Amino acid sequence: MDLNFSAEEERFRSEVRAFVAAKLPAAIRDKVLGHKRLEREDFLTWVRILNTRGWVAPSWPRRFGGQEWDPARQLILEEECALAGAPPVLSFGPRMVAPVIMTFGNQAQQEYFLPRILNGEHWWCQGYSEPGAGSDLASLKTRAERRGDTYVVNGQKTWTTLAQYADWIFCLVRTSQEGRPQAGISFLLIDMKSPGITVRPIVMLDGEHEINEVWFDNVEVPVANRIGEENAGWTYAKFLLGHERVSNAALGPSKRALRELKAIAAATPSGGGRPLIEVPRFRDRIAEVEIDLMALEVMVLRVIAMDRERHTPGPEASLLKLQGSQIQQAISALAMEALGPYAALHQPLALSAGWTGSSAGPPLGLGITGRYFNYRKVSIYAGSNEIQRNIIARHMLGL
Amino acid sequence: MDLNFSAEEERFRSEVRAFVAAKLPAAIRDKVLGHKRLEREDFLTWVRILNTRGWVAPSWPRRFGGQEWDPARQLILEEECALAGAPPVLSFGPRMVAPVIMTFGNQAQQEYFLPRILNGEHWWCQGYSEPGAGSDLASLKTRAERRGDTYVVNGQKTWTTLAQYADWIFCLVRTSQEGRPQAGISFLLIDMKSPGITVRPIVMLDGEHEINEVWFDNVEVPVANRIGEENAGWTYAKFLLGHERVSNAALGPSKRALRELKAIAAATPSGGGRPLIEVPRFRDRIAEVEIDLMALEVMVLRVIAMDRERHTPGPEASLLKLQGSQIQQAISALAMEALGPYAALHQPLALSAGWTGSSAGPPLGLGITGRYFNYRKVSIYAGSNEIQRNIIARHMLGL
Amino acid sequence: MDFTFTEEQVQIRDSLRRFLTETYTLDRRRAIARAGTGCDPEIWRQFAELGILGLGIPQPLGGIGGDAFDALVVMEELGRALVIEPYLSTALVCAGILVRAGSPAQQQLLAGVATGENRLALAHDEPDSRWRLDAVATRATRKGASWVLNGRKAMVPDGAGADHLVISARTESGVSLFLVPGASEHMTRTALMSHDGSSVAEITLEGLRVPADALIGVEGGGLPLVEAASHVAVAGLCSEAVGAMDALLALTLAYVKTRRQFGVPIGSFQALQHRMADMLLHAELARSMSYLASAKLGVRSVGERRRAISAAKFLVGRSARLVGQEAVQIHGGMGVSEELATSHYFKRLTLINASFGDMDHHLEQFAAATTAELHSAALTTIHSTPATRRSVPDSRSPQARPGR
Amino acid sequence: MDFTFTEEQVQIRDSLRRFLTETYTLDRRRAIARAGTGCDPEIWRQFAELGILGLGIPQPLGGIGGDAFDALVVMEELGRALVIEPYLSTALVCAGILVRAGSPAQQQLLAGVATGENRLALAHDEPDSRWRLDAVATRATRKGASWVLNGRKAMVPDGAGADHLVISARTESGVSLFLVPGASEHMTRTALMSHDGSSVAEITLEGLRVPADALIGVEGGGLPLVEAASHVAVAGLCSEAVGAMDALLALTLAYVKTRRQFGVPIGSFQALQHRMADMLLHAELARSMSYLASAKLGVRSVGERRRAISAAKFLVGRSARLVGQEAVQIHGGMGVSEELATSHYFKRLTLINASFGDMDHHLEQFAAATTAELHSAALTTIHSTPATRRSVPDSRSPQARPGR
């Protein structure tokens, strides 16, 4: 039993830290740490920088351009990048569609798509959810009709994160009405520039445009862009959902948010001459969430170790997702509460890159309440916490 | 809109207060306030004293010896008695079986049983739950076979509170296997001295004997002791469960417990020279439960007013039971926490009336942890909180 | 004891609800928020016509008079309809201050409040005050027959749009209040947007000169007025939150009854049912406390009033958080979109908690007010002492109805 | 990083679990509790045979040596089997103090600890100390070649049955520890029962005279020893709680799979399923923290150790409360009866929280230990500074294995 990273891993952590300190553009870092809007180019710039070291998707197999890192290293990389204020490397390409392409795609698909994920040429988004098919994914209705070498796709996807920036979308579509609902689903890769695709913004509760509806009106998709077998898409979809493990705990982002929370509470006068962070009831709550984060970190390491030993991901990922999202929400709530009356301020203009004015309210207050509102999503997306509890009950408790 | 008691009601409160101050025997009061074991005679002594004023069941109709009080007065009486340290008037007789006898019993039953409830001659207990039928009452198995003018009862009841003191038990028994499980149930009144009845103590988690198993081995019960129709017992049982409203909130006992909690916290050194009650995080928790109690009190008054207006009890009683039990548990937990390391002390001998030694630990600590353990029951008995939530969802939310 | 509303209150409620249901749609609300002023002139005119703007003003002063429960009824409806307009600020909080302590000349403004011509705003909080009423750093110094004010006021509801401001400032004898025209020299009002669509202002006073008769009441007598006003505000916010929770719970119920997953309505899932039972419980606890807060507005004992007000604000804040978060979660993706009213209720409920003191603030206030009574022999929770048990309306309070 | 147990640890675990499953039945446990001594001689003898009594004692001193994770494995099993016996007190806490600081003469006792002949108890807490380690009012004054002790010790685990006591007392230069035979004149030991069946003692010292060589370590050097011992105790209690939670969760799962209501197993009710998912989550968080606590026992930095220990005790206490209360609630009536093991686990988990500092106490300790590092640039949670990241076993600590 040894809870420490190895000396080798610690050296690697220093290496990452030095790299990020040297290479992360200050303008991008300031946007991230200041809760400002990130644009397409901000994400891609960082992907290209990471790619100079092969760090976009280092856990991939070597033959696809990866370095076969184990999850511990991946964790260290993500954590150090997050703490330093780097934009996240979004999962949709490297950690969602890529494993599917590697495992079930054909050689042509692998050779075309995978390098373009690494070099930032292709931005991917995810076409799973539909208005009537969220947690109950199998009830999806978007259909693809086969016409020779082409599928004609009609229907609607929704909650599509950053589809407005995306070059490609991976989609679950219905190719058959026969059998169980799961049986007639196929997995298509669709060029977002295809005629017939319309992206409509969904404004979120924080007033920001992060998610979208994607409409398909007779969109023609080459059959060559289908992954694996027709009507076998459910298998690939489940495979994909079984990935995404360490990131779901949001360890790095939560550590950064905790650091920020402490800074806000230390800078906030509480009355009586003490900063808020010294008021027992507020300090207690910070302490509790910090303890929760310590426990979550050990849990992540344990799950990594378990997966490593049995060579396959287990249902414990649901525990990480559940608790990780609760911690994200708890920290975002505390940061908002720390602002006191200023929590109400909404300054959408000040979130823009072009903004040159000063924002009102406390210096660290910008975007904090918006994040609290926005973060209600983290217990809803990627399998709602209700779904996670169902999974835990079924697969870990045998209920 | 007026949240105050009327001047008349306030005068009545003073009257009760004066009466209890004058008449409640100090020995009994000290047992109640000191969390000592109450014996049969303690309960009955107080019932007889109350009966001198007609206060055992004053909400009964006049023709049965009651005074037709409205629930507000009943609330005032219960609250003042509880605050002063009187033993509770147990519900089983006056507020559970009596309304059933009044509504569905025949004249002979009414004339025999009701006066004996008022004067303390009959102690009643409740024979509803069975080992396999708790929340799912309709699945009960105790059966009564008709043989002429007699039922022969066989089976087992459980969780029977204070059956060791009881003279009579009201029982749900199965008289028919036909139709829905609810259809074959009858409601019998059974003399606890009947041959074939065995009472076996169930020791509770606090080490105390408060509940029992009651076994029936060919117990003969005169058909004259059946309430209403054969096989119609489910109707009477549901009627009974629909009663018991104000008491379920446990307002008086919780107010007394809150007062005690403050006394404990004020007497407990926390280190740093301050009593525990001045430590912000502990004071906050006392404050929160006190606020909860304020809200519950207004809720009780609102429910009383609603019932008064529509002349029938509604499902809001479930809200009172749910929140009332949560408050009871919260206060008992805080009192235990206030004891610090001394929470561990278990002094069963010191709980006895005959005990003359001194108890160890802080002066107000006796019985506090035992109550915390014991009070886990309040979210389980009289319809578990899960059942209450089911009722709220079905009858108040229409789900 | 009586929990029924009067016929007049039922009339106010019904007519206001009808008007808001027809007029104050989510799209209309969006448009008002987008405009940035936080007040639609047409809506405001209709408020005047419905009589609600004069509710806090006695008839002799041009209002129609009303008590705390009239205000409760109105605030519940405004909450139910998610109204952005600064009704509470003008018609209850500021009007209350002038009714209670304004000079006859100052009270002349009140008729205009009732007709909708004048809007008033309370500029009291400051950048570092964090809801503490006595943390006033703004100063007013006498210069001949004038007062000169310097300082900063923060997060003033309707501060940029109001026609007159009630400004607190520290003078030699304590905190004093001044009635100042909204458009004054040496005063800068910066309109800012709130996450709930309403308008707040940061106000800078740099040598603002006002005449001697701008003083409201006596010099140094401002703090009790501000406290009474804040109690009115808290009671109003509690009622607003109750209305909003009612509406949000109804929305959520409707959603779970129609939204289907795995072939059944999601309202049939027991885990959701139990959580919604808790939502109802907490909404009803909040309603109980909003009644108590309004009932206690008129009692003489400041301690009793403080206890009830802080208890209500704490508990309502807790309920609002639970009901709001759960409603969003149960709505899933729909809950975090701007399209449904759900998220707007959630945001408003969140910000009500941050207005006039959050849960922590009021728990502290409550505990402080409670400590004193520790050794009283028979503690009762609602009623602190027999002497103060009856809510005797204070004749100077805005809840009294001198006109009836 | 490595979360596997060594072969030896697996052996200890399996043999101990086998022994306890066969021998330490609920009825046997009840009998031990009823006897009031909190220790069954036969069980204790078997503990010696299994080698676990010598786990905290290096081989040269008559033990078998062992590290923090060996202790963790044992404590988990003792928790799983609800063992009452004062293993933690004697074999880990007190033995640790003597290993670390005892004189050669004092260390001679340790061989007897390993063989089960000697039981030791730590008499440190006092009636008003409420877990604060430095709140020692008991005094030791020098009288010639002796020390004379006066004071009261409270809630001493196994205090009445132990053969020797480690007693803390304030001397001129601070807190000092003394090793005292259990049966001494001028010392009164009153055995009291704990709600979990174990035995605790109130101890009164009225002029207890001990020789100079009763001092453990240096005069005034007691507090660091007591703190280190309390850290060992907390780590042990955390592991015990994890074992108890494992067992309780398994009991609850078995119950909901067999208990039927409305024609189906109650484990099919979604509301219960979701709550049991939360029980599992919290049990696993507790396990994670118990690993962390044991891992940090050996680090040099006191601050880092305090942070981890207090974090673990807080979180484990929270988990224990949730898992315990939910298990009882889900068992319904069966949960509040003494008949099933359920209620006994619940009680033990409750009292673990009140032992060596409750949640409030440790949240305070954690926050205090954390405040200092506020301005460190890159906060990491587990690892406070690079310099202390590796857990370097302290050669003087009971976790070191000098014999291997």
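Here the residue numbers are simple positions, counted from 1 along each chain's written sequence. Think of it this way: whatever chain is written first is A, whatever ligand is written first is 1, and the rest follow in order. Since the coordinates come from a predicted model, pLDDT governs what is reported: local features require at least 70, and pairs of side-chain atoms require 80 or more to be given and counted, while whole-chain, interface and lining totals use all residues. Water and hydrogen atoms were dropped before computing side-chain values, which therefore reflect all heavy atoms in the structure.

Colleague: Describe the overall build of chain C, and please don't skip the residues or the numbers.
Modeller: Every helix listed is a DSSP run of H or I at least four residues long, and every strand listed is a run of E at least two residues long, numbered separately from the N terminus. Within chain C, the secondary structure is distributed over 11 helices and 10 strands. Relative to its length of 404 residues, chain C is compact, with a C-alpha radius of gyration of 21 Å against a globular reference of 22 Å. All accessible areas in this document rest on Shrake-Rupley with a 1.4 Å probe, and a residue is counted as covered only by the protein chains that are shown. Of the roughly 14,000 Å² of accessible surface on chain C, a fraction of 53% belongs to carbon and sulfur atoms. Only C-alpha atoms enter the radius of gyration; for comparison, a globular chain is expected to reach 2.2 Å times N to the power 0.38, where N is the number of residues.

Colleague: An account of helix H6 (residues 104-115) of chain D is requested, with residue identities and associated values reported.
Modeller: Residue and element names in this part refer to chain D. Throughout this description, buried means an accessible area under 20% of the type-specific maximum (1.4 Å probe, protein chains only), exposed means over 50%, and partly exposed covers the range between. The set of residues buried in H6 consists of Gln106, Gln107, Leu109, Leu110, Gly112, Val113 and Ala114. As for H6, its buried residues are in contact with helix H3 (41-50), helix H5 (87-101), strand E1 (120-123), strand E4 (164-171), strand E5 (174-181) and strand E8 (215-216). Immediately beyond the C-terminal end of H6, within one or two residues, lies Gly116, with a positive phi of roughly 90°. Between two residues, a contact is recorded if the distance between any of their heavy atoms is within 4.5 Å.

Colleague: Before we move on, can you summarise the interface of chain C and chain A with the specific residues and values?
Modeller: With 39 residues of chain C at the contact, the number on the chain A side is 44 residues. By convention, the term buried area covers the 1.4 Å-probe accessible surface removed from two parts as they join, with the contributions of both added. Regarding the contact of chain C and chain A, the summed buried area is about 3,600 Å², with carbon and sulfur atoms giving 59% of it. Considering only the side of chain C, the residues that lose the most area to chain A are C:Arg130, C:His195 and C:Val336, jointly responsible for 21% of the buried surface there. We count a salt bridge whenever a side-chain nitrogen from Lys or Arg sits within 4 Å of a carboxyl oxygen from Asp or Glu. For the pair chain C and chain A, the number of links is three salt bridges. Residues C:Arg275 and A:Glu386 are paired through a salt bridge, measuring 2.8 Å at the closest nitrogen-oxygen approach. What qualifies as a polar contact is a pair of N or O atoms within 3.5 Å, subject to a donor-acceptor requirement within protein and to the restriction that residues adjacent in sequence count only when both atoms come from side chains. Between the two partners, chain C and chain A, sit 17 residue pairs in polar contact (both at pLDDT 80 or more). When residues in the side of chain C that touches chain A are grouped by element, the largest group, five residues, is from helix H10 (residues 341-353) of chain C. Gly is put with the polar residues, along with every residue not named as nonpolar or charged; the nonpolar set is Ala, Val, Leu, Ile, Met, Phe, Trp, Tyr, Cys and Pro, and the charged set is Asp, Glu, Lys and Arg. A breakdown of the residues in the side of chain C that touches chain A according to their chemical character gives 15 nonpolar, 12 polar and 12 charged.

Colleague: Hey, could you go over the interface of chain A and chain D for me, with residue numbers and the actual values?
Modeller: Taken together, the contact pairs 50 residues of chain A with 51 residues of chain D. Taken together, the two surfaces of chain A and chain D that pack against each other cover about 4,900 Å², and 67% of this comes from carbon and sulfur. At the boundary of chain A with chain D, the tally comes to six salt bridges. Where chain A meets chain D, there are 13 residue pairs in polar contact (both at pLDDT 80 or more). Mapped by element, the contributors of at least two residues to the side of chain A that touches chain D are helix H1 (7-23), helix H4 (71-84), helix H8 (251-267), helix H9 (280-310), helix H10 (317-338) and helix H12 (385-396) of chain A. Top contributing element to the side of chain A that touches chain D by residue count: H9(A), with 19 residues. When the residues that make up the side of chain A that touches chain D are grouped by side-chain class, the tally is 25 nonpolar, five polar and 20 charged.

Colleague: Go over the domain arrangement of chain A, please, and point to the residues and values.
Modeller: All names here are of chain A. By convention here, the domain bounds are inherited from an automatic or database domain assignment. What the domain assignment reports for chain A is domain 1 (7-90), domain 2 (124-231) and domain 3 (244-396). Spacing between the C-alpha centres of domain 1 and domain 2 amounts to 30 Å. With six residues of domain 1 at the contact, the number on the domain 2 side is four residues. Between domain 1 and domain 2, a total of about 420 Å² is buried, with carbon and sulfur atoms accounting for 45% of that surface. Summed over the shared surface of domain 1 and domain 2, the number is two salt bridges.

Colleague: Which residues make up the domain arrangement of chain C, and what values go with them?
Modeller: Residues and elements named next belong to chain C. Domain annotation for chain C reports domain 1 (7-118), domain 2 (121-220) and domain 3 (223-377). Computed from C-alpha coordinates alone, the two centres of domain 1 and domain 3 are separated by 22 Å. There are two salt bridges connecting domain 1 and domain 3. Of the charged contacts in the structure, one is a salt bridge between Glu338 and Arg30, with a shortest N-O distance of 2.8 Å. Taken together, the connections running from domain 1 to domain 3 amount to three residue pairs in polar contact (both at pLDDT 80 or more). The set of elements that each furnish at least two residues to the side of domain 1 that touches domain 3 consists of helix H2 (26-35), helix H4 (68-80) and helix H5 (87-101). Looking at side-chain class alone, the side of domain 1 that touches domain 3 contains 12 nonpolar, one polar and five charged residues.

Colleague: An account of unusual backbone geometry is needed here, citing residue identities and associated values.
Modeller: All names here are of chain C. Residues other than glycine seldom take positive phi values, yet His186 does so here, at roughly 65°. Within the secondary structure, His186 is located in the loop between strand E5 (174-181) and strand E6 (187-194). A positive phi angle is found at Phe262, which is not glycine, with a value near 50°. Tracing the backbone shows Phe262 in the loop between strand E9 (260-261) and strand E10 (264-265).

Colleague: Just give me the short version of the pattern of salt bridges, but keep the residues and values in it.
Modeller: Scanning the entire structure with this criterion turns up 120 salt bridges over all chains. With its nearest N and O atoms 2.7 Å apart, the salt bridge here joins A:Asp70 to A:Arg308. Taken together, the positions of A:Asp70 in the loop between helix H3 (40-51) and H4 and A:Arg308 in helix H9 put the pair 238 residues apart, joining distant regions of the chain. The partner of D:Asp278 in a salt bridge is A:Arg389, and the shortest N-O contact between them spans 3.1 Å.

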